[in-house]
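# Chain and residue survey
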Amino acid sequence: MLHSEENVEKCWDLICAGVKQHEIAKTLRLSRSTTSRLCRAAAKKNGNVDHRRFLREHGAYENLMQFLFPRIEFGTKDDCWGWKSGKKPNGYGSVNFNGTGYQAHRAVYECLVGPIPDGLVIDHLCGNPGCVNPYHLKPSLQAENLLRRASKMDYPHGAP
Ligand SMILES: [Zn+2]
C-alpha cells in the first residue's frame, strides 16, 4: 500500500511542485523514512536521476527554485505548465538568473530533473514551446528534434 505506484506518482508530483520532503510526509501522512524511500523511488522511476546528488552539486539550487517556481503555472503531469515570465518571439520562455540568460524550459528541466547532457537539446513532446512541464520535455539530439518537428504526427502527451 505505502509503496504503491500511486504514492510514487504523488511524491513525484510534489517533488515537481517544489514541496520539501518533510512537507510531502505531512501531505501523504507517511513517516519520514517511508517518504524518503518513496521520493527516491519516484525520482528513479520518473527520470532515473539522483535528485539529491544534483541538489548538492548545484549550490544555487534553492535560489534557482525560489526564483523559477513563482514564474511557473503548475498543473498536473499531463497539463502544459505555462511560463508566466518573459517570452521570446518564438514562444520559448526566457529567464535571467545571476546575470545569465537561460531558456526557461531548460532551466526548469535542470532544476527538477537534472543536468542536460552536453550536446543535447530539449525537445517539447507536447509541441508547445512555452511549456516547462518536465514530463513534456525530453533531451534529444538536434537531428531527432528536427525530425519530430517535421513530422505531422500528434505528440504523445505525458512522460517520455
Ligand atoms: Zn507541454
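The following refers to the structure shown. Predicted model, so just to flag it, every value in this text is computed and none were measured.

A tally of helices and strands in the protein chain yields 7 helices and 6 strands. The helix and strand sequence of the protein chain, counted from the amino end, reads α-α-α-α-α-β-β-β-β-α-β-β-α. Looking at the protein chain residue by residue over its 160 residues, the buried ones come to 39%. When contacts within the protein chain are restricted to residue pairs at least 6 apart in sequence, long-range pairs at least 24 apart make up 52% of them. Accessible surface computed for the protein chain: about 9200 Å², of which carbon and sulfur atoms make up 52%.

So, about the coordination of the zinc ion. Every protein donor of the zinc ion is listed here as Cys80 (SG), Cys126 (SG), Cys131 (SG) and His136 (ND1), and their distances to the metal cover 2.1 to 2.4 Å. Coordination at the zinc ion is tetrahedral: its 4 donor atoms span angles of 105 to 115 degrees at the metal. Here the donor residues of the zinc ion share one chain and are spaced in sequence as C-x45-C-x4-C-x4-H.

Time to look at the pattern of salt bridges. Tallying each qualifying case throughout the model produces 2 salt bridges. We note a salt bridge from Lys10 to Glu6, for which the minimum N-O separation is 3.7 Å. In this pair, Lys10 and Glu6 both sit in helix α1 (residues 5-16), 4 residues apart, roughly one turn of the helix. For Lys10, a relative accessible area of 36% gives the class partly exposed. Take Glu6: its relative accessible area is 54%, and that puts it in the exposed class. One salt bridge in this structure joins Glu9 and Lys77, with 2.9 Å as the shortest N-O distance. Here Glu9 is found in helix α1, whereas its partner Lys77 is found in the loop between β1 (72-73) and β2 (82-83), with 68 residues between them in sequence. Judged by its relative accessible area of 25%, Lys77 falls in the partly exposed class.

Definitions and limits used
Residues numbered from 1 in each chain as written. Predicted model: local features only at pLDDT ≥ 70, side-chain atom pairs only at ≥ 80, totals over all residues. Heavy atoms only, no water. Helix = DSSP H or I, 4+ residues; strand = E, 2+ residues; numbered from the N terminus. Buried < 20%, exposed > 50% of the residue type's maximum accessible area, 1.4 Å probe, protein only. Contact = heavy atoms within 4.5 Å. Areas by Shrake-Rupley, 256 points an atom, 1.4 Å probe, with all protein chains shown as cover. Donors = N, O, S within 2.8 Å, 3.2 Å for Na, K, Ca; no water. Tetrahedral: all angles 85-135°; square planar, octahedral: opposite > 155°, others 65-115°. Salt bridge = Lys/Arg side-chain N within 4 Å of Asp/Glu carboxyl O.

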